[in-house]
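Listed below are the residues making up each chain.
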Amino acid sequence: MRKITAGLFAAVDGVVADPQDWHFPYFNDEMGAAVGAQMGTADTLLLGRVTYEGFAAAWPDREHAGGEDAAMAKSFGDARKIVVTHQDLDLTWRNSETLQGDFLEAVTALKNEPGGDIAMSGSVSVVRQLLEAGLLDELHLLVHPIVVGKGLRLFEDRDTTLPLRLLSSATFTTGVLHLVYTKDDAAPTGDYETAKASLGAEQ
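Worth saying up front: this structure is predicted, and the values here are computed from it rather than measured.

Procedures and definitions
Residues numbered from 1 in each chain as written. Predicted model: local features only at pLDDT ≥ 70, side-chain atom pairs only at ≥ 80, totals over all residues. Heavy atoms only, no water. Axes fitted to C-alpha atoms, helices over the stretch in contact; angles between N-to-C directions. Helix = DSSP H or I, 4+ residues; strand = E, 2+ residues; numbered from the N terminus. Parallel < 35°, antiparallel > 145°, perpendicular 65-115°, else oblique. Left-handed = near helix turned anticlockwise from the far one by under 90°. Contact = heavy atoms within 4.5 Å. Nonpolar A, V, L, I, M, F, W, Y, C, P; charged D, E, K, R; others polar. Pairing = 2+ DSSP bridges. Buried < 20%, exposed > 50% of the residue type's maximum accessible area, 1.4 Å probe, protein only. Arc of directions from axis to C-beta. Phe/Tyr/Trp six-rings, centres within 6.5 Å; stacked < 30°, edge-to-face > 60°. Lys NZ or Arg CZ within 6 Å of the ring centre and 35° of its normal.

Caption draft 1: Region of interest: the packing of helix H2 (residues 49-65) against helix H3 (residues 70-78). In the contact formed by H2 and H3, the axes pass within 8 Å of each other and the chain directions differ by 125 degrees. The angle between H2 and H3 places the two elements in the oblique class. Where H2 crosses over H3, the two elements pack in a sense that is left-handed. Judged by residue contacts, Phe 55, Trp 59, Arg 62 and Glu 63 of H2 engage Ala 70, Met 72, Ala 73, Lys 74 and Phe 76 from H3. Taken together, the residues of the contact of H2 with H3 break down into six nonpolar, no polar and three charged.

Caption draft 2: Local environment of the sheet that holds strand S4 (residues 96-98). With mixed pairing, the eight strands of this open sheet are ordered in space as S4-S3-S2-S5-S1-S6-S8-S7. The open sheet has two edge strands with one neighbour each: S4 and strand S7 (164-171). Across the sheet, the axes of successive neighbouring strands diverge by a mean angle of 25 degrees, strand direction being ignored. Here strand S6 (residues 138-144) runs beside strand S8 (residues 177-183); their pairing, made up of five bridges, is antiparallel.

Caption draft 3: H3, seen in detail. Three or more residues of H3 are buried, namely Ala 70, Ala 73, Phe 76 and Gly 77. In a view along the axis of H3, the buried residues occupy a sector of 120 degrees, so they form one face of it. Among the structural elements, helix H1 (29-39), strand S2 (44-48), H2 and strand S3 (80-84) are those in contact with the buried residues of H3.

Caption draft 4: A look at helix H5 (residues 124-133). All buried positions along H5 are accounted for by Val 124, Val 126, Val 127, Leu 130 and Leu 131. What you see down the axis of H5 is that its buried residues fit within an arc of 155 degrees, all on one side. Remark: Gly 134 follows H5 within two positions and exhibits a positive phi of approximately 75 degrees.

Caption draft 5: Focus on the packing of helix H4 (residues 103-112) against H5. Running from N to C, H4 and H5 point in directions that differ by 75 degrees, and their axes come no closer than 11 Å. By the criterion of interaxial angle, the relationship of H4 to H5 is roughly perpendicular. Side by side, H4 and H5 meet where Phe 103, Leu 104 and Val 107 of the first sit next to Val 126, Gln 129, Leu 130 and Ala 133 of the second. Along the lines of polarity and charge, the residues of the contact of H4 with H5 split into six nonpolar, one polar and no charged.

Caption draft 6: Just the environment of Leu 166, in detail. Here Leu 166 is to be found in strand S7. According to the relative accessible area criterion, Leu 166 is partly exposed, its value standing at 44%. As a C-alpha pair, Leu 166 and Asp 184 span 18 residues in sequence and 8.8 Å in three-dimensional space.

Caption draft 7: Focus on the packing of aromatic side chains. Under the defined criterion, the tally for this structure stands at four aromatic pairs. Ring geometry for Tyr 52 against Trp 93: centres 6.0 Å apart, planes inclined by 40 degrees, an arrangement best described as tilted. Placement of the pair is Tyr 52 in helix H2 and Trp 93 in the loop between S3 and S4, with a sequence separation of 41 residues. Accessibility expressed as a relative area gives 3% for Tyr 52, which makes it buried. On the basis of an interplanar angle of 15 degrees and a centroid distance of 6.0 Å, the ring pair of Phe 55 and Phe 76 is categorised as stacked. One end of the pair, Phe 55, is in helix H2; the other, Phe 76, is in helix H3, and 21 residues separate them in sequence. Of the residues examined, Phe 55 reaches a relative accessible area of 15% and is grouped as buried. One cation-aromatic arrangement involves Arg 62 over Trp 59; the distance from NZ or CZ to the ring centre is 4.5 Å. Geometry around Trp 93 places Lys 81 over its ring, the cationic atom sitting 4.6 Å from the centre.

Put into structure tokens, the structure is as follows:
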């Protein structure tokens, strides 16, 4: 089964909106390598409408300009791009299509197709749904040491908890944390009495 990974820039207060306004002072080779490892090896990109439109407005021009990020721009262009949307879009970027049918059923079918990894960037609403459904294999959070204070957060108010399992972590020289999570279907349970009993047993 194919693996789906998602990468997001996040502030320490959970804000993921408008990273172009606060992210770039923390960008370095370490972060570039992390983003490249998560996105660069995928042969399919799964994107929400807003993210797709932003990518389609920027990356083809970067590919044609032939600058230092032209190689990544070409890899994005060559990849199969599947857009999650209910709107009719003008898909001008090559190798682009819209996801057809029921969202979760279609993504499950996509995971079962032959091929390499499926990568996501941004697309917060899509990430939430896939993580909740257990279809997102890796959530890569690049947590920046800054409080933005306003804007869309990765997780909004919920009626229930969503346990996650940490797969790996790394600290960059800028103070950015690279945290990789997956949904934890075997999360620990307990209450105050359980914790107190556990502390007593350790003494």
